[in-house]
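So you can see what is in the structure, the chains are spelled out below.
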Amino acid sequence: MARFKPVDMNPRFLPVVLEQQIQLGTFEHALHVLIDTEFDLLSLAARYINDDTGAPAYDPAVMLKIVLLAYSRGIISSRAIERACRENVLFMAISGDTQPAYTTIASFIRHLGDQISGIFTEVILICDRQGLIGRDMFAIDGVKLPSNASKARSGTHAELAHQADAIERRVRQMLKTHRSLDQQSEKDQIHAQRKAEQDRIHALQIEAQSIREFLRTHPKRIGDASGKGPERKSNVTDNDSAKMATGKGVIQGYIGAATVDAECQIIVAAQAHGSGSEQSLLLPMIENARPFARKRTVMTADAGYHSEANPGQLHDKRIAALIADSQMRRRDERFKEQAKHKSKPDPLYNKKPALKSAGSGKFKPLDFHYDPVSNTCICPAGKKLYSNGVNNTANGRTYRKFTGAKSVCMPCSLRQQCLRKPDTTETRQVAFFRKNQVSSLKHTESMKQKIDTPEGRALYGRRIATVEPVFGNLRYNKRLDRFTLRGQCKVDTQWKLYCMVHNIEKLAHHGYAG
């Protein structure tokens, strides 16, 4: 029978040289050299007032190393970071075996505040010094992530007030039930159940009081930054966050926006915003990135950032940009067969059933017979629709609108093919735009002409390969699936820390401190 050397798993004392654990060419080595030799952390050190009295503090340089190394390994919990400093040899080496408590780590991250912007800028300058920023094209995009906020505690002031009223009505009903039970004999009452109900009543009272206090101390959130538009939903747990629609449902969270250089995918600007609208983020992100741009640098962004105002302001500021509109791919002959691919299920994430083929969908305007001379429209069922709008306008284009009569549409046998929601929608409406119209949105038309040229399409085509891998690295390799802090300032700090990890990783891959 073959004999093998014994395997001994018993505890033992082993000599460990901490400095040798930080291997040349790794992320942790680049991080160690960068913070010790390049960063100016005097602003962080100025927060500590213990020159003569008080206990010694943890070195902010060491704390920053610990946090960035943890984020690079996908560790975001302060308790998990504390455990790593106590059990992981690499964390012991990078921290000098100081083992800070989780409360110290959490407090350090929360109070980085304004200092993080300066540190983030220093990393970008070092990337530029290493020749990693090409300045030919900057790609702007954002990722929507849930935050440490309750989606159920979100709404307008009227909705939150209604929510508080409902909670208080429920409390009154529960108290009424309790009083009726008090009139019964003691042996008929179930003490454990009553104690649980009393705790629930107390929790509901606290919840209603917190909503009332929030409504009293926080004004309504009206429109965008200029104060125009309808009331935006507030949130009791984190009023800086916002409800956002994503491909996987509605979340309560923030947009982590980034401007990425096309040369080596260096993030040159990063900002977390609590706004579901990406259009308002375009100009602030461009302004943040302009110190690292040249006159010839082209800014690119997808259709989510498009509006008539944005190309106009970029034109006035003489900023070269390619901002896609929602119809860009429909005008591109390379995507003329994209409909057949949309019917395929998503192999990674597919909550919805497969879409119907392009030929078996709902009735489209082309399925209606429209006569512009007589201004009549006949539906696929052969019924005449009545005209209820001749000179309607949308995005500067004029169209005519027709609506089916309720007496005709309600009993129609083709409702399932004609209406998206036949159970709730009574009649079908259809619009026909006048042909060969020139839009009055001159800046949008100018951007369309620019992006539809072969040069524009080639340059814009590089956008997705520039910015999307950055988000893939942060979300999946670094496991950033949600923000754990509350408040725009703290969430912005956490987002910039992750973007710093990405840039330092690029430095390490390109031989920094090698």
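One can find the structure itself at the top, above this paragraph.
For the structure given in this document, a descriptive report is provided here.

**Re the side chain of Arg135**
For step 1, the next point in the chain: On the secondary structure map, Arg135 appears in the loop between helix H7 (115-129) and strand E1 (137-146).
For step 2, the next point in the chain: Within the structure, Arg135 has its side chain in polar contact with the backbone oxygen of Phe292 (distance 2.7 Å).
For step 3, the next point in the chain: If near-sequence neighbours (up to four positions away) are discounted, Arg135 is found in contact with Asp128, Asp261, Phe292, Ala293, Arg294, Arg296 and Thr297.

**Focus on the pairing of strand E9 (residues 298-301)**
For step 1, the next point in the chain: Of the two faces of E9, the one carrying Val298 and Thr300 and the one carrying Met299 and Ala301 are both buried.
For step 2, the next point in the chain: Alignment of E1 against E9, held across four bridges, turns out to be parallel. Following the sheet pairing, Phe138 is matched in E9 by Met299.
For step 3, the next point in the chain: Bridge count for E9 against strand E10 (residues 321-323) is three bridges, and the pairing is parallel. Paired with Thr300 across the two strands is Leu322, which belongs to E10.
For step 4, the next point in the chain: What joins E9 to E10 is helix H11 (residues 309-316), and the crossover it makes is right-handed.

**Focus on the nonpolar core**
For step 1, the next point in the chain: Phe39, Leu64, Leu68, Trp495, Leu497 and Met500 are the most contacted members of the largest nonpolar core, which has 94 residues in total.
For step 2, the next point in the chain: Setting aside its immediate chain neighbours within four residues, Phe39 contacts Leu34, Leu64, Ile119, Glu122, Val123, Ile126 and Met500.
For step 3, the next point in the chain: Judged by nonpolar contacts, the second largest core, of 12 residues, contains Leu160, Ile167, Val171 and Ala208.

**Re the packing of helix H3 (residues 60-72) against helix H19 (residues 488-509)**
For step 1, the next point in the chain: Contact pair H3 / H19: the axes reach a minimum separation of 9 Å and the direction vectors enclose 75°. When the axis of H3 is compared with that of H19, the two are roughly perpendicular. On the side of H3, the interface is formed by Leu64, Val67, Leu68, Tyr71 and Ser72, while H19 contributes Gln494, Leu497, Tyr498, Met500, Val501 and Ile504.

**Describing the environment of Asp51**
For step 1, the next point in the chain: Along the chain, the position of Asp51 falls in the loop between helix H2 (42-45) and H3.
For step 2, the next point in the chain: A relative accessible area of 71% means that Asp51 is categorised as exposed.

**Examining unusual backbone geometry**
For step 1, the next point in the chain: Positive phi, close to 55°, is recorded for Asp97, a residue that is not glycine.
For step 2, the next point in the chain: One can find Asp97 in the loop between helix H5 (89-95) and helix H6 (102-110).
For step 3, the next point in the chain: Classification of Asp97 by relative accessible area gives partly exposed; the value is 39%.

**Focus: helix H1 (residues 27-37)**
For step 1, the next point in the chain: If you check which residues of H1 are buried, you get Phe27, Glu28, His29, Ala30, Leu31, Leu34 and Ile35.
For step 2, the next point in the chain: At its buried positions, H1 is contacted by H3, H5, H7 and H19.

**As for empty space enclosed by the protein**
For step 1, the next point in the chain: For the coordinates displayed, the defined rule picks out one cavity of 30 Å³ or more.
For step 2, the next point in the chain: Each pocket or cavity is described by its volume, and for the largest cavity that value is around 180 Å³.
For step 3, the next point in the chain: Cys379, Cys409, Cys412, Cys418 and Arg428 are, among the 19 residues lining the largest cavity, the residues nearest its centre.
For step 4, the next point in the chain: For the lining of the largest cavity, the elements supplying multiple residues, two or more each, are strand E13 (384-387), helix H14 (406-409) and helix H15 (415-418).
For step 5, the next point in the chain: The class makeup of the residues in the lining of the largest cavity is 13 nonpolar, one polar and five charged.

**A short note on the state of the cysteines**
For step 1, the next point in the chain: One pass over the full model with this rule turns up zero disulfides.
For step 2, the next point in the chain: A disulfide-free cysteine, Cys264 has its sulfur positioned 8.9 Å from the sulfur of Cys127, the nearest such atom.
For step 3, the next point in the chain: Cysteine Cys409 shares no disulfide, and the gap to the nearest cysteine sulfur, in Cys418, comes to 6.5 Å.
For step 4, the next point in the chain: Accessibility expressed as a relative area gives 16% for Cys409, which makes it buried.

**Let's talk about the side chain of His306**
For step 1, the next point in the chain: Structurally, the position occupied by His306 is in the loop between E9 and H11.
For step 2, the next point in the chain: Among the residues examined, His306 registers a relative accessible area of 15% and is labelled buried.

**What about the environment of Gly118?**
For step 1, the next point in the chain: By secondary structure assignment, the location of Gly118 is in helix H7.
For step 2, the next point in the chain: Residues Gly118 and Phe39, spaced 79 residues apart in sequence, show a C-alpha to C-alpha distance of 9.6 Å.

**Quick word on helix H16 (residues 442-451)**
For step 1, the next point in the chain: Those residues of H16 that sit buried are His443, Thr444, Met447 and Ile451. Angular distribution of buried residues about the axis of H16 spans 100°; they occupy a single face of the element. Away from the buried face of H16 by more than 90 degrees, exposed residues Lys442 and Gln449 are located.
For step 2, the next point in the chain: Those residues of H16 that are buried are in contact with H11, E10, helix H12 (328-331) and helix H17 (454-460).

Criteria and cut-off values
- Residues numbered from 1 in each chain as written.
- Predicted model: local features only at pLDDT ≥ 70, side-chain atom pairs only at ≥ 80, totals over all residues.
- Heavy atoms only, no water.
- Helix = DSSP H or I, 4+ residues; strand = E, 2+ residues; numbered from the N terminus.
- Polar contact = N/O pair within 3.5 Å; in protein donor to acceptor, adjacent residues only side chain to side chain.
- Contact = heavy atoms within 4.5 Å.
- Buried < 20%, exposed > 50% of the residue type's maximum accessible area, 1.4 Å probe, protein only.
- Pairing = 2+ DSSP bridges.
- Right-handed = clockwise from strand over helix to strand, strands pointing away.
- Core = buried A, V, L, I, M, F, W, Y, C linked by side-chain atoms within 4.5 Å.
- Axes fitted to C-alpha atoms, helices over the stretch in contact; angles between N-to-C directions.
- Parallel < 35°, antiparallel > 145°, perpendicular 65-115°, else oblique.
- 1 Å grid on protein atoms, 1.4 Å probe; cavity = no way out; pocket = protein on both sides within 12 Å on 5 of 7 lines; lining within 4 Å.
- Points joined across faces, edges and corners; volume = space filled by probe spheres on them.
- Nonpolar A, V, L, I, M, F, W, Y, C, P; charged D, E, K, R; others polar.
- Disulfide = S-S within 2.5 Å.
- Arc of directions from axis to C-beta.

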